[in-house]
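# Residue-level structure breakdown
One-letter residues, chain by chain:
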Amino acid sequence: MVPESEVRDVLAELQRLRARVPLLSGALAAGVDGLVLAHDTPGVEAEGVAALTAAALGVAIRMAEATGRGGFRELLVRGETGYIATYAAGSAAVLTLLAEDRINVGRLHLEGRRAGARIGELIDPALRRTEHPVPPVHAPEQHDLRPGPLPHRT
């Protein structure tokens, strides 16, 4: 679970990305498990896109491994009216961008890779903190000091 402050920072990064690249129609960050972390995807069901991203990511990872191409970095799908690009965002998240057909794909990759790296820098430390939380400090045990029955010998 990513803390709320990091989620706000990720959302701000998505919004800055969409402002820098006008032909982006949506951006979302999700865990590799398909759960949405943050999104700016007007008119698109973010949860569905995140789940599909996780499925596509699974296939992409297996393809890269099976062909000896190393760890996952990015995935690009081109449809009739635009692109869906997914970039690694640290060790446990991905960035998925929805772009219009007229976008400069080189710029899409440049901005997507940079944003993915920044999102990874936000999320990875937060996930490490939640995986290894500091144990709670408990007050010392209180002993019951009320008088009870006195011991006796039989």
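Residues numbered from 1 in each chain as written. Predicted model: local features only at pLDDT ≥ 70, side-chain atom pairs only at ≥ 80, totals over all residues. Heavy atoms only, no water.

Turning next to the nonpolar core. The biggest cluster of nonpolar side chains holds 25 residues, and the ones touching the most others in it are Leu24, Leu97, Leu108 and Ile119. Counting only elements with at least two residues in this core, the list comes to helix 1 (4-20), strand 1 (24-31), strand 4 (82-88), strand 5 (93-100) and helix 3 (105-131). Top element by residues in this core is helix 3. It accounts for six residues. Here leucine 24 is in contact with Leu17, Arg18, Leu97, Leu98, Ala99, Ile103 and Leu108, once residues within four sequence places are set aside. Listed in part, the five residues of the second largest apolar core include Leu28, Ala30, Ala46 and Val49. (Core = buried A, V, L, I, M, F, W, Y, C linked by side-chain atoms within 4.5 Å. Buried < 20%, exposed > 50% of the residue type's maximum accessible area, 1.4 Å probe, protein only. Helix = DSSP H or I, 4+ residues; strand = E, 2+ residues; numbered from the N terminus. Contact = heavy atoms within 4.5 Å.)

Spatially, the five strands line up as an open sheet ordered 2-1-5-4-3, and their pairing is antiparallel. Both outer strands of the open sheet, strand 2 (36-40) and strand 3 (74-79), are each paired with one neighbouring strand and no more. Taken pair by pair, the neighbouring strands of this sheet meet at an average axis angle of 10°, ignoring direction. Taken together, the four bridges between strand 1 and strand 2 define a ladder with antiparallel strand orientation. When the bridges of strand 2 are listed, alanine 29 appears paired with alanine 38. Seen against the sheet, helix 1 touches strand 1, strand 2 and strand 5 and runs at an angle of roughly 30° to strand 2. (Pairing = 2+ DSSP bridges. Axes fitted to C-alpha atoms, helices over the stretch in contact; angles between N-to-C directions.)

Take the confidence of the model for the chain next. Looking at the chain, the pLDDT average stands at 87 and 84% of residues meet or exceed 70. In the predicted structure, residues 139-143 sits below a pLDDT of 50 and forms zero contacts with residues beyond four places in sequence or in another chain. (pLDDT = per-residue confidence, 0-100.)

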